[in-house]
Amino acid sequence: MKQALSLIILFFLFNAISSKHEGELYDAGRSTLINLNPMNFDTQITNNRNKNIISFIHFYSPDDGKSNELKEVFIELDKEYSGMFKLAGLNCKKYKDLCSKQGVTEFPTYKIYPPLPAPPMKYEGKIEPKKIITYLGRFVENKAQELNNNNFDEFISSKSSIPKILLFTNKKSIPLIFKRLSLQFDVSKYIYYIFNIL
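Note that the structure is predicted; figures quoted are calculated from it, not measured.

(A) Local environment of the pairing of strand β2 (residues 55-60). Of all six residues that make up β2, six are buried, and the element is covered over most of its length. Here β2 pairs with strand β3 (residues 86-91) via six bridges, running parallel. Across the sheet, the residue bridging to Ser-55 is Lys-86, located in β3. You can see the chain leave β2, run along helix α3 (residues 67-81) and come back into β3, and the turn it takes is right-handed. The pairing of β2 with strand β4 (residues 109-113) spans five bridges and is antiparallel.

Okay, structure coming up:
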């Protein structure tokens, strides 16, 4: 009788532990990537859209056949760009209603949640870090100003006690990290760039 009772208790403990982590693709110990659920979706994604935070979500089912292969790309992205973008995963087998509410019916699906007022949109490109970051970079607002003859005096004289950031570049566009910096600190009068430097 004791042995049967012990087996029943072990069975229930095993089921409780495995159902708690049922099919979570992303291990919180390996990255800062967020496992979304109905309790944290609004605080982690919806509310952050008002704060100019761009989120990229991997909607998956643990048995969809592709997500396990592609999760390393997502983890790599998170390690390299955490703080610049919010990356998250959502287990649609476990949270069907939330995925349905987000318009997701097939897996894997990748969606971008840009700053408001832009609507969420499905990402249809290749699941490669460079392609994803290039695409996400389109949604990063730039508050830096180009330094030229018309604003040089203002640059030198305005608020001389406040440090200014100046980027010299020969690139055709502003680097993503610089755009994000201008947005993060919201100091558009103090962040400048100069193009066509040899």
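Still more to cover.
(B) Spatial organisation of the environment of Tyr-26. Along the chain, Tyr-26 falls in the loop between α1 (2-20) and β1 (34-36). Once you skip the residues sitting within four places of it in the chain, Tyr-26 turns out to touch Leu-33, Asn-35, His-58, Tyr-60, Lys-71, Phe-74, Ile-75 and Gly-89. A polar side-chain atom of Tyr-26 sits 2.5 Å from a polar atom in the side chain of His-58.

(C) The arrangement of the state of the cysteines in detail. Tallied over the full model, the rule gives one disulfide. Across the disulfide from Cys-92 sits Cys-99; the S-S distance is 2.0 Å. Between Cys-92 and Cys-99 the sulfur-sulfur dihedral comes to about -85°; the bridge is accordingly left-handed. Among the residues examined, Cys-92 registers a relative accessible area of 3% and is labelled buried. For Cys-99, a relative accessible area of 1% translates into the label buried.

(D) View of the sheet that holds β2. Judged by pairing direction, the sheet is mixed, and its five strands sit side by side in the order β1-β3-β2-β4-β5 without closing on themselves. Each having just a single partner strand, β1 and β5 (121-122) make up the two edges of the open sheet. Across two bridges, β4 lies against β5 in antiparallel orientation. Note on β5: the bridge partner recorded for Lys-111 is Lys-122.

(E) Spotlight on the side chain of Arg-49. With respect to the helices, strands and loops of the structure, Arg-49 is situated in the loop between α2 (41-46) and β2. For the buried Arg-49, which has no salt bridge, the nearest side chain bearing the opposite charge is Asp-42, at an N-O separation of 9.2 Å. In contact with Arg-49, other than residues within four places in its own chain, are Tyr-113, Pro-114, Pro-115, Leu-116, Ala-118, Pro-119 and Pro-120.

(F) Here's a closer look at the packing of aromatic side chains. The tally for this structure, following the rule as stated, stands at ten aromatic pairs. Measuring from ring centre to ring centre gives 6.2 Å for Tyr-26 and Tyr-60, while their planes differ by 85°; the resulting arrangement is edge-to-face. Of the two residues, Tyr-26 is situated in the loop between α1 and β1 and Tyr-60 in strand β2; the sequence distance between them amounts to 34 residues. Each of the two residues, Tyr-26 as well as Tyr-60, counts as buried. A centroid spacing of 5.8 Å and a plane angle of 55° characterise the contact between Phe-74 and Tyr-110, whose relative ring orientation is tilted.

About the criteria used
- Residues numbered from 1 in each chain as written.
- Predicted model: local features only at pLDDT ≥ 70, side-chain atom pairs only at ≥ 80, totals over all residues.
- Heavy atoms only, no water.
- Buried < 20%, exposed > 50% of the residue type's maximum accessible area, 1.4 Å probe, protein only.
- Helix = DSSP H or I, 4+ residues; strand = E, 2+ residues; numbered from the N terminus.
- Pairing = 2+ DSSP bridges.
- Right-handed = clockwise from strand over helix to strand, strands pointing away.
- Contact = heavy atoms within 4.5 Å.
- Polar contact = N/O pair within 3.5 Å; in protein donor to acceptor, adjacent residues only side chain to side chain.
- Disulfide = S-S within 2.5 Å.
- Lys, Arg positive; Asp, Glu negative; His and termini not counted.
- Salt bridge = Lys/Arg side-chain N within 4 Å of Asp/Glu carboxyl O.
- Phe/Tyr/Trp six-rings, centres within 6.5 Å; stacked < 30°, edge-to-face > 60°.

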